Amino acid sequence: MFSVTLFARERKNFDENWRFVLADSAKMSSNDYNDASWRVLDLPHDWAIEGDFLASNPSGAGGGALPGGIGWYRKHFKVDNAKGDNSRYYIEFDGVYMNSTVFINGHELGMRPYGYSSFRYELTPYLNMNGDNVIAVRVDNSDQPNSRWYSGCGIYRHVWLVETAQVSVAHWGTYVTASVDAKGKAVFSVSVELDNNTGKNVNAKVKNSLIDASGKVKASSMASVKINEKGKSIQKLTLNNPILWSTDNPYIYNVKTEVIVGGKTIDTYYTTTGVRTFVFDAEKGFSLNGKSMKINGVCQHHDLGSLGAALNEDALYRQLRMLKEMGCNAIRCSHNPPAPELLNMCDTMGLIVMDESFDMWRKKKTQNDYARFFDKWYERDLSDLVVRDRNHPSIIMWSIGNEVLEQWSSADADTLSLEQANLILNFGHDASSLAKDGEMSVNSLLAKRLVEVVKSLDPTRPVTAGCNEPDPGNHLFKSGALDIIGFNYHNEYIKGVPQNFPGKPFILTESVSAIQTRGFYRMPSDSIVTAPKEWWISYTDPSYMCSSYDNNHVPWGATHEATWDIVKHSPFCSGQFIWTGWDYIGEPTPYAYPARSSYFGIIDLAGFPKDVYYMYQSEWTDKTVLHLFPHWNWLEGQTIDLWCYYNNADEVELYINGKSQGIRRKADSHQYHVMWRVTFEPGEVKAVSRKNGSVVATRIIKTAGAPDHIRLTSDKTVLTADGKSLAFVTVEVVDKDGNLCPNAENQIFFDVSGNAKIAGVDNGSQTSLERFKANNRKAMFGKCLVVVQADKTSGTAKLTAKGIDLKTASVSFDIK
């Protein structure tokens, strides 16, 4: 029997005081390498976002036109060996983009090519318990392009140092599922995998306790288990009258797992869980806890605008909060494993998640993408995703891929024989035996294999894929492995889904792809502009802008209103994931460089909602909405289209300088805005919504005069002294009466004094080549953004904004 010591698992954030250099040498992995001149920084870190936009950057406009390269990170640390030989040490990386190789004291621990996977290595055998230790990480993002959107570069998610006992819960070692019986009682199945590093068999007890949101223990169970090198315990916990997790009330339970040896608790591990039931029905669509509802979701890439790919909880929460306030109830993780913090937030905010694995399989989309690693790594990366994430109650489906070229037989790529498939797909038996009449395509077999991997680790959730080939001959559909038929676009094919895919639930895994620039309007507004199919060759517009009326979309997409109308009125359609919730860096369709970020978002890159945000809010929430647009600064006599999104009212009346322009009403449930075509005259335009003759809401827009001063509005004025806390400050150029100047393009200069700094600047422009890391920004249509980041020291800070011929503005912060 090994010596048993009372032990507490420690999981320490390991982000602080790393050293970084954008260079490469094999010597950088060794302990005695002199890194004194390297830059000292805290993780998460993205070196690309600090660079310049250049047409010559190999990422291309699709990848954000920002630099790549090879970088090294090193961290010196000592180990507190108070527990002696009873400790095991591990380092966990939530995400490194990409091709990371990790060393400890010169010893190579391993390499992971996929930039979105989380992983860990054991450090114990290589540590100096009484001296300096150096962990070194080489990150190689030099082979570009390797992504269709901006990926970032570096250790862009959190890093953790974990210390456990010799006997402990394994990495991601718990699996908790909850079912509800006919009487409303919840039954939790708790599976615990255990590691034993003692070299001897160990008799242990595993105790599981179910804890509610108030911290009260609601149920518990204990069982004995004999642990060889590995061990496993499966227990049941029951709970009468559970509080169900939902989008309106995301109630969280925790399972506390204790490993007990010799009467002493040597490991404690917590698992978040929730109780919910859901059904995808081929005729009735989606229901959660027995309540029919639409999945009103958006697709989200992982960048945080001016902060790049470097994870920051405040920035991520801001994105999700604004989407939730719009009425969004679901997130698709496009097109890769997300940061763990996103899933934690979705759990507690009530956002349903479609958790996605890959943007490509064996057939590449860009020259150096993940396809080159797929054969060797797909099973490990997919398995790690499912095992890491399967306890989150917010996740209700898995996606094995997005628009993969394996949907077709004719896509350009190498072919694969069934004999080769046996090796790559790892079925454990002849691949041809899985083919119907021996004729199923290898692509179908691959889809079948990926689903098999997912289901072997989590049989409780359905699996889908984002498919942009709607024909039933699609190899992924032909595999029969997908539980849910997922279309990317192709609205014209939706009505045929029940006939073409009988008995199969359906969802729009990706929809809309309307393109808009905040604040820019092209009239007449009822004229739809569609980018040509070969937009990358033939689509030119010197403005490099897209209209903020809902009248501009890509050839494979549709308008927001047209798509929502189909989803809303098709009972069999479970919902949609709109492309996209926020603009993102890269993929500036329909333009090429100097455009370098997307036009697809409902919210722009700086976090300013585009007008269509309020269409969704009027449809997806009960909040009273009366959104009138555009602005009221035009040429006298110019014909202007005024749109209005509204709800909770029967009608809207428009006035120009007090004179009625008429009353508008939505004709039926298929109409989503009302419009007036009017002649501009300076002054005031006012919209009044009424219900049963009583005023519900009023909206006034005035003609702005000359720019006079700057207005600063911060989303918070109290920050945490942790070096990470952020305030997002909206900067507006306004006239002497405080009216936004909608055409202002003033250069605004920022200064921060005290215990804070500028983390980034932006204005939402898809074509601005100004650096994100700067102390100034040009306003776009009267607005820009500055992000203030607190130091690690308590005190105060003050942001001052100045512009030529503009009165100065400032805002103060308490740093606590």
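Note that residues are indexed from 1 along each chain, following the sequence as it is written. Two thresholds apply to this predicted model, a pLDDT of at least 70 for residue-level local features and 80 or more for giving and counting side-chain atom pairs, whereas whole-chain, interface and lining totals are computed over all residues. Only hydrogens and water are set aside when side-chain values are computed; all heavy atoms of the structure are taken into account.

**Q** Just checking my understanding: could you explain the overall build of the protein for this structure?
**A** A run of DSSP states H or I qualifies as a helix once it reaches four residues; a run of E qualifies as a strand once it reaches two. Both are numbered from the N-terminal end. Per the secondary structure count, the protein includes 10 helices and 46 strands. Projected onto the principal axes, the alpha-carbon positions of the protein cover approximately 90 × 65 × 55 Å. For the protein, the proportion of its 816 residues judged to be buried stands at 61%. Counting contacts in the protein only where the partners sit at least 6 residues apart, residues at least 24 apart contribute 70% of the total. Per-residue and other accessible areas were derived by the Shrake-Rupley procedure at a 1.4 Å probe size, with only the shown protein chains allowed to occlude residues. For the protein, the accessible surface area stands at approximately 30,700 Å², while carbon and sulfur atoms represent 48% of it. In the protein, 86 side chains carry a positive charge and 93 a negative one; their mean positions are 5 Å apart. Exposed residues in this analysis have more than 50% of their type's maximum accessible area, buried residues have under 20%, and partly exposed residues fall in between, with area computed by a 1.4 Å probe over protein chains only. Note on contacts: a residue pair is in contact if any heavy atoms of the two residues lie within 4.5 Å. Residues scored as positive are Lys and Arg, those scored as negative are Asp and Glu, and His as well as the terminal groups of each chain are ignored. In plain terms, the charge of a residue is placed at NZ if it is Lys, CZ if Arg, CG if Asp and CD if Glu.

**Q** Is there a simple way to think about the packing of helix H9 (residues 560-568) against helix H10 (residues 612-620) in this case?
**A** The axes of two packed helices give the description: the angle between them and the distance between them. The axes are straight lines fitted to the C-alpha atoms, using for helices just the contacting stretch, and the angles between their N-to-C directions are given from 0 to 180°. The interhelical angle for the contact between H9 and H10, taken along N-to-C directions, is 20°, at an axis separation of 11 Å. One element, H9, and the other, H10, form an angle in the roughly parallel class. For the pair H9 and H10, the crossing hand works out as right-handed. Where H9 abuts H10, its residues His-560, Glu-561, Trp-564 and Lys-568 lie against Val-612, Met-615, Tyr-616, Glu-619 and Trp-620. Of the residues contributing to the contact of H9 with H10, the split by class is 5 nonpolar, 1 polar and 3 charged. Small angles under 35 degrees read as roughly parallel and large ones over 145 as roughly antiparallel, with 65 to 115 read as roughly perpendicular and the rest as oblique. Handedness of a crossing is defined here by the sense of rotation of the near helix relative to the far one, left-handed for an anticlockwise turn of less than a right angle and right-handed for a clockwise turn. Only Asp, Glu, Lys and Arg are considered charged in this grouping, and only Ala, Val, Leu, Ile, Met, Phe, Trp, Tyr, Cys and Pro are considered nonpolar; every other residue, Gly among them, is considered polar.

**Q** Got a minute to help me understand the environment of Val-206 in this structure?
**A** Counting through the fold element by element, Val-206 comes out in strand S13 (residues 202-211). Given a relative accessible area of 0%, Val-206 falls into the buried group. Considering only alpha carbons, one finds Val-206 and Val-169, 37 residues apart in sequence, at a separation of 9.7 Å. Ignoring any residue separated from it by four or fewer positions in sequence, one finds Val-206 in contact with Val-192, Leu-194, Ser-221, Met-222, Ala-223, Val-225, Ser-233, Gln-235, Thr-257 and Glu-258.

**Q** Sorry, what's going on with the pattern of salt bridges here?
**A** The salt bridge criterion pairs a side-chain nitrogen of Lys or Arg with a carboxyl oxygen of Asp or Glu, the two atoms within 4 Å. Taken as a whole, this structure holds 46 salt bridges when the rule is applied. Residue Glu-651 is joined to Arg-665 by a salt bridge in which the shortest nitrogen-to-oxygen separation is 2.7 Å. Separated by 14 residues along the polypeptide, Glu-651 in strand S33 (residues 651-656) and Arg-665 in the loop between strand S34 (659-664) and strand S35 (674-679) bring together distant segments of the chain. With a relative accessible area of 13%, Glu-651 lands in the buried category. For the salt bridge of Arg-777 with Asp-762, the shortest nitrogen-to-oxygen distance reads 3.3 Å. Placement of Arg-777 in strand S43 (residues 776-778) and of Asp-762 in strand S42 (residues 756-762) is noted, with a sequence separation of 15 residues between them. According to the relative accessible area criterion, Asp-762 is buried, its value standing at 0%. One salt-bridge network, in which partners are shared between bridges, spans Arg-112, Arg-380, Asp-381 and Asp-384.

**Q** Would you take a moment to explain the pairing of strand S22 (residues 330-333) for this structure?
**A** The two faces of the sheet receive side chains in turn, since in a regular strand these alternate between them. Alternating residues of S22 divide into Ala-330 and Arg-332 and Ile-331 and Cys-333, and every residue in both groups is buried. Pairing geometry for strand S21 (residues 295-300) and S22, over 4 bridges, is parallel. Within S22, the position partnered with Gly-297 by the bridge is Ala-330. Between S21 and its parallel partner S22, the chain crosses via helix H1 (residues 313-326), and the hand of that crossover is right-handed. Note on pairing: two strands pair once DSSP finds at least 2 bridges between them. When the strands point away from the viewer, a crossover counts as right-handed if the path from the first strand over the helix to the second runs clockwise.

**Q** Mind showing me how you'd approach helix H3 (residues 371-389) here?
**A** Quick reminder: α-helices carry 3.6 residues per turn. Residues three or four places apart thus point the same way. Under the 1.5 Å per step criterion, the end-to-end length of H3 is only 23 Å for 19 residues, more than 12% shorter than the ideal 27 Å. Fitting axes to the seven residues that end at a residue and to the seven that start at it, the angle between those axes gives the bend at that residue. The largest bend in H3 comes to about 80°, at Trp-377. Expected span of a helix: the number of residues minus one, times 1.5 Å.

**Q** Help me understand unusual backbone geometry, please; the structure alone is not making it clear to me.
**A** Phi is mostly negative for residues that are not glycine, and the peptide bonds are mostly trans. Looking along the chain, the bond that leaves Thr-589 and enters Pro-590 is cis, with omega of 15°. Take Pro-590: it is sitting in the loop between strand S30 (573-579) and H10. Look at Asn-289: it is not a glycine, yet its phi comes out positive at around 55°. By the secondary structure assignment, Asn-289 is in the loop between strand S19 (285-288) and strand S20 (291-292). Residue class for Asn-289 comes out partly exposed when judged on its relative accessible area of 23%. Although it is not a glycine, Tyr-544 sits at a positive phi angle of roughly 50°. With relative accessibility at 27%, the residue Tyr-544 sits in the partly exposed group.

**Q** What is the right way to look at the confidence of the model for the protein in this model?
**A** Low-confidence regions, as indicated by low pLDDT, have predicted coordinates that should not be scrutinised in detail. As a per-residue measure, pLDDT reflects the predictor's confidence and takes values from 0 up to 100. Overall, the prediction assigns the protein a mean pLDDT of 94, with 94% of residues at 70 or greater. With pLDDT under 50 throughout, residues 433-439 is counted as low confidence; its partners more than four residues away or in other chains account for 7 contacts.

**Q** What exactly am I supposed to notice about the sheet that holds S13 here?
**A** Pairing in this open sheet of 4 strands is antiparallel, and the strands run S14-S13-S16-S17 from one edge to the other. Each edge of the open sheet carries a strand with a single partner, namely strand S14 (217-227) and strand S17 (264-273). Going across the sheet, the axis of each strand differs from the next one's by a mean of 20°, ignoring polarity. Of the strand pairs in this sheet, strand S16 (residues 253-261) and S17 are connected by 9 bridges, and their pairing is antiparallel. Across the sheet, residue Asn-254 finds its bridge partner in S17, namely Thr-272.

**Q** Would you mind showing me how to read the packing of aromatic side chains here?
**A** The way to describe two aromatic rings as a pair is by their centre distance and the angle between their planes. Think of it this way: a Phe, Tyr or Trp ring, Trp meaning its six-membered ring, pairs with another when their centres are within 6.5 Å, and the plane angle makes it stacked under 30 degrees, edge-to-face over 60, tilted otherwise. Within this structure, the stated rule accounts for 41 aromatic pairs. Here Phe-53 and Phe-772 contribute two aromatic rings whose centre-to-centre distance is 5.5 Å and whose plane-to-plane angle is 75°, an arrangement assigned as edge-to-face. In this pair, Phe-53 is assigned in the loop between strand S3 (39-41) and strand S4 (69-77) and Phe-772 in the loop between S42 and S43, connecting sequence segments 719 residues apart. Accessibility classification places Phe-53 together with Phe-772 in one group, the buried group. With centroids separated by 6.1 Å and ring planes inclined at 80°, the aromatic side chains of Phe-487 and Phe-501 adopt a geometry described as edge-to-face.

**Q** Looking at this structure, how should I read the environment of Ser-598?
**A** Mapping Ser-598 onto the fold places it in the loop between S30 and H10. Exposure remark for Ser-598: the relative accessible area of 0% places this residue in the buried category. Taking C-alpha positions, Ser-598 is 5.5 Å from Tyr-584, a pair spaced 14 residues apart along the chain. When near neighbours in sequence (up to four residues on either side) are disregarded, Ser-598 contacts Asp-583, Tyr-584, Gly-586, Glu-587, Pro-588 and Gln-766. Within 3.5 Å is the distance limit for a polar contact, defined as a pair of N or O atoms, with the added protein rule that one can donate a hydrogen and the other accept it, and that residues adjacent in sequence qualify only through two side-chain atoms. At 3.5 Å, the side chain of Ser-598 and the side chain of Asp-583 are in polar contact.

**Q** How should the environment of Asp-604 be read in this particular structure?
**A** With respect to the helices and strands, the residue Asp-604 is situated in the loop between S30 and H10. On the accessibility criterion, Asp-604 (0% relative accessible area) is buried. Once the C-alpha coordinates of Asp-604 and Thr-517 are considered, the two residues, 87 residues apart in sequence, prove to be 7.8 Å apart. Those residues within four positions of Asp-604 in sequence are excluded, and the remaining contacts are Arg-518, Trp-582, Asp-583, Lys-610, Asn-763 and Gly-764. A distance of 2.7 Å separates polar atoms of two side chains, one belonging to Asp-604 and the other to Arg-518.

**Q** Looking at this model, I keep getting lost on the packing of H1 against H10. Mind explaining?
**A** Where H1 contacts H10, the axes come no closer than 8 Å and their chain directions differ by 55°. With respect to each other, H1 and H10 are oriented oblique. Within the contact between the two elements, H1 uses Met-322, Glu-325 and Met-326 and H10 uses Tyr-613, Tyr-616, Gln-617 and Trp-620. When its residues are assigned to classes, the contact of H1 with H10 shows 5 nonpolar, 1 polar and 1 charged.

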